[in-house]
Amino acid sequence: MIIDNSVASYEKFTHNEKIRLSSDQKFIDFINEGHQFLLDQIRDGRPIYGITTGYGEAGSNYAAFEEAEELQKNLYRFCGVGVGKYLSANVVKIMLTIRLISLSKGKSGVSYNLLKRFEILIENEIYPLIPSQGSVGASGDLAPLSYIAAVIAGEREVIYKGEERNTADVYQELGIEPYVFKAKEALGVINGTAAMSAIAIDAIQKFELLLESMESFVASVFELLLCDTTPLEPFVHESKPFDGQMKSAANIFAKCQNSKLTHQAFSRYENFHLEKEQNIQDRYSIRCAPQVLGVVRDSLEVAKKWIQTEINGVNDNPLIDHVNQKIYTSGNFYGGYIAQAMDSMRICAGNVADLLDKEFALLIDHKFNKGLGESLKINEKSTHHGLKLIQVTLSSLAADVIMNTTAASLHSRPTESLNQDKVSMGTTAALNFAKQLPDLANMLSIAFIGMAQAADIRGVDQCSDYLKQNYSRIREVVDVLVEDRRTDLDIQAVNTLLLKGELA
């Protein structure tokens, strides 16, 4: 992916493309002209926020042109206040790329030499060691991004070749000179929304895989509970044509094909009087699954659209328009769109967890599972219990996911002497969305164990080709449950399959 001042698509971040900074001379000149315009302004004594003044509430403090470099150094140093778990190398790589894209728009007043420093870090896989907590999402991600600025200057720590190293040692080893920030440049690095955006991109990639796997499980429920496929028919969803709903229904329907277990569409009208205790319709958690998951799919598309706009936006302050020779102080660092998108995705994750909890309850409960028996037991001895307790763990995890759906964007905390009095909490929202995903993955792992057990009871030969395929993959790592045994290791084994995308 070549980085210049054109639009970078969201999809580029999901294909792990090699990152290169444009070497086109017109692009280089455009970037450097913006930086020179800024230098000319402050050399004449003009006070410009964060360049010849202090930061935030200290914006009334003036610093002379000769102090501009010291001001930039102090900025990334006093913002080194992050705490909590470190962000993954993948998230940090995305952060570096996002910040490079924003600065390459030529409206931040930085030099081309600074942009090359981002390319050096990405190319050599030198990833700043960044604590995940400490940002309120305005003025952007100051604390997390300060770790990038510090590493560019040769300070703090990095992950290099899988090890935590001092930046200075890695630079010496590779012959890289520490960078000295010029006026505005450290501010340009840390005053943006790259941390929240990178966490969001990484989490959405993982969530999309879980959503595909969820639809596989829903399809298996249609089969194993002998359900009616009428609610999956295209006519239903074309009558309320939300894109996500239609896609989800089509995915589930396709995965049910060739099953000998489902009631084929419309057959219940003819067979209603012939089948004992047969309801004309299935329960909501089955019949409305495409409607539930359709909202999730459409919300994902909105989130990705907003993220693409955010990462291509110039979200620092002040903005430099050297073409028209104007400087704008503003608030593009406010991460409201990412916060709203991530809060929405957290609600979506909660709805997926809730649906999964309810469907698994139907599968395992002998009162509702249409002959699959008590807790999916194969051994009928009264001393054995089947998958009774595995459901308890699944429900416990559902509660954990659902409890983490309170909107972070509504918890704005006034900070920094009430200068940052309304903040986005975008990074908090993204982090909490990411925290839901391991619990949701474990829930699905449990659900697939139940699916395989139910398939054994129904008869695998009766299942669709798709269910047979997933059944075979599960049985390669987990044996059928006949005698009571521990199942925590089974959950881990299926989780490994799940995260590789083998059950999607």
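Residues numbered from 1 in each chain as written. Predicted model: local features only at pLDDT ≥ 70, side-chain atom pairs only at ≥ 80, totals over all residues. Heavy atoms only, no water.

Chemist: Would you take a moment to explain the pattern of salt bridges for this structure?
Modeler: Side chains that differ in charge, positive against negative, can pair when their charged atoms come close. Going through the model one piece at a time under the given rule, you end up with 19 salt bridges. The partner of Arg 297 in a salt bridge is Glu 212, with the nearest N and O atoms 3.0 Å apart. With Arg 297 in helix H13 (residues 289-311) and Glu 212 in helix H8 (residues 194-224), this pair connects stretches of sequence that are 85 residues apart. A salt bridge links Lys 358 to Asp 354; the nearest nitrogen and oxygen atoms lie 2.5 Å apart. Of this pair, Lys 358 and Asp 354 both sit in helix H14 (residues 336-364), 4 residues apart, which is roughly one turn of the helix. Taken together, the shared-partner salt bridges connect Arg 99, Lys 184 and Asp 316 into one network. (Salt bridge = Lys/Arg side-chain N within 4 Å of Asp/Glu carboxyl O. Helix = DSSP H or I, 4+ residues; strand = E, 2+ residues; numbered from the N terminus.)

Chemist: Would you explain the nonpolar core in this entry?
Modeler: Across soluble globular proteins, you tend to see nonpolar side chains buried next to one another. Judged by nonpolar contacts, the single largest core of 144 residues is most densely connected at Phe 181, Phe 207 and Met 342. Considering every element that reaches this core, the biggest residue donor is H8, with 19 residues. Residue contacts for Met 342: discarding those within four places in its chain leaves Ala 200, Ile 204, Ile 307, Ala 429, Ala 430 and Phe 433. Counting residues in hydrophobic clusters, the runner-up holds 10 residues, among them Leu 38, Leu 39, Ile 42 and Ile 327. (Core = buried A, V, L, I, M, F, W, Y, C linked by side-chain atoms within 4.5 Å. Buried < 20%, exposed > 50% of the residue type's maximum accessible area, 1.4 Å probe, protein only. Contact = heavy atoms within 4.5 Å.)

Chemist: What am I meant to see in the side chain of Thr 427 here?
Modeler: Here Thr 427 shows up in helix H16 (residues 426-458). You can call Thr 427 buried: its relative accessible area is 1%. Every residue in contact with Thr 427, bar those within four places of it in the chain, is listed here: Ser 132, Ser 135, Asp 141, Met 196 and Ile 199.

Chemist: For this particular structure, what's the right way to read empty space enclosed by the protein?
Modeler: Once rolled over the atoms, a probe with the size of a water molecule shows which space is left empty. One pass over the full model with this rule turns up 3 cavities of 30 Å³ or more. Here the largest cavity is characterised by a volume of approximately 60 Å³. Lining the largest cavity are Leu 225, Cys 227, Asp 282, Arg 283, Ile 286, Leu 362, Phe 368 and Lys 370. A class-by-class count of the residues in the lining of the largest cavity yields 5 nonpolar, no polar and 3 charged. (1 Å grid on protein atoms, 1.4 Å probe; cavity = no way out; pocket = protein on both sides within 12 Å on 5 of 7 lines; lining within 4 Å. Points joined across faces, edges and corners; volume = space filled by probe spheres on them. Nonpolar A, V, L, I, M, F, W, Y, C, P; charged D, E, K, R; others polar.)

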